[in-house]
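Take a look at the letters that make up each chain.
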Amino acid sequence: MKFAVMGGTGRIGSQVVKKLKAAGHEVVPHSLSTGVDIITGQGLQEAVAGVDVVVNLTNSPTFDDTSPAFFQTSMDNLLVACRKAGVGHVVILSIVGLEQVPDLDYYRAKVLQENILKTGSIPYSIVRATQFMEFMDSVLAMTTDGDTVRLPSTPIQPIAAQDVSDAVAEVAAGTPLNGVLNVAGPDVFPLDELGRMTLNARPDGRTVVTDDTAGMFAVVRGDVLTAKGDARIAPTHYTDWLS
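All values reported here derive from a predicted model rather than from experimental measurement. (Residues numbered from 1 in each chain as written. Predicted model: local features only at pLDDT ≥ 70, side-chain atom pairs only at ≥ 80, totals over all residues. Heavy atoms only, no water.)

**Student:** Is there a simple way to explain the overall build of the chain in this structure?
**Tutor:** Helix and strand counts for the chain stand at eight helices and twelve strands. Its C-alpha atoms give the chain a radius of gyration of 18 Å, within 12% of the compact-globule value 18 Å for 243 residues. For the chain, the spread of C-alpha atoms along the three principal axes comes to 55 × 35 × 35 Å. For the chain, buried positions account for 49% of its 243 residues. For the chain, the share of sequence-separated contacts (at least 6 apart) that also reach a separation of at least 24 residues comes to 81%. Averaging the locations of the 18 positively and 27 negatively charged side chains of the chain gives two centres separated by 4 Å. (Helix = DSSP H or I, 4+ residues; strand = E, 2+ residues; numbered from the N terminus. Rg over C-alpha atoms; globule rule 2.2 N^0.38 Å. Buried < 20%, exposed > 50% of the residue type's maximum accessible area, 1.4 Å probe, protein only. Contact = heavy atoms within 4.5 Å. Lys, Arg positive; Asp, Glu negative; His and termini not counted. Charge placed at Lys NZ, Arg CZ, Asp CG, Glu CD.)

Now the structure itself:
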């Protein structure tokens, strides 16, 4: 099949491109660096011409209250272009449990992105993943004050980006789900404990203090960001990823 991967030069996109090519498909990565702008529409119609499947892994440059506008415009533009080109399957990557965290602007924006895709006329698939292991350094940095890192005890089920890419590539090459596949790492940790594990493995002088009011994950209630039911559990453990 022929694939267009929007955001195909990023962390997940580049791996998805590699995996689909290895499976024998024709795959073209697209991004601002290749001349495709999903917001202005520049190069978008040409990018999806003759394509069977579009994988949209583009992301908002901000995580605040401007992020809904990014997803509204980008999805509107993409779906119009895909309909004109006769694309038969659109895939996006989203977040496990996002609709249960209404206090985060970015999560509300991702709900909007999902809903635009669901109510469109093109067969679709949504892959929802838990929090990436690769984001842990950023999470630590957000609440660092000197040598102290303040983290809530929010339950987190970290997943390796490689495992997310595997799931996205598999779903993209398959029959449209017209629904959601949840993927998650094999272990659940309180976020503060995850922070301590990370700094124990890569000590830099900082210490984690439990503070259930600290950072973006403080607004998360209970274990809503962990996988439930029939979620696919990925093989990579956080301790192995760290090492």
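**Student:** How should I be thinking about the nonpolar core in this particular structure?
**Tutor:** Across soluble globular proteins, nonpolar side chains have a tendency to be buried as a group. Judged by nonpolar contacts, the single largest core of 51 residues is most densely connected at Met6, Val54 and Tyr107. In this structure, Met6 is in contact with His30, Val36, Leu44, Ala47, Val48, Val54, Val55, Asn56, Leu57, Thr58 and Leu78, ignoring residues within four places of it in sequence. Core analysis: the next-biggest nonpolar cluster, separate from the first, contains 26 residues, Val27, Val53, Val164 and Ala167 among them. (Core = buried A, V, L, I, M, F, W, Y, C linked by side-chain atoms within 4.5 Å.)

**Student:** Please clarify how the sheet that holds strand S5 (residues 124-129) should be interpreted in this entry.
**Tutor:** By definition, the strands of a sheet pair up through backbone hydrogen bonds, in either a parallel or an antiparallel sense. Pairing is parallel in the open sheet, where seven strands are placed in the order S2-S1-S3-S4-S5-S9-S12. Each of the sheet's edge strands pairs with one partner strand only, and the pair in question is strand S2 (26-30) and strand S12 (232-233). Here four bridges tie strand S3 (residues 53-56) to strand S4 (residues 89-95), and the two strands are oriented parallel to one another. When the bridges of S4 are listed, Asn56 appears paired with Ile92. Packed onto the sheet, helix H4 (residues 105-118) meets S3, S4 and S5 and runs at close to 160 degrees relative to S4. Across the sheet, helix H6 (residues 161-172) is in contact with strand S1 (2-6), S3, S4, S5, strand S9 (180-184) and S12; its angle to S4 comes to roughly 155 degrees. (Pairing = 2+ DSSP bridges. Axes fitted to C-alpha atoms, helices over the stretch in contact; angles between N-to-C directions.)

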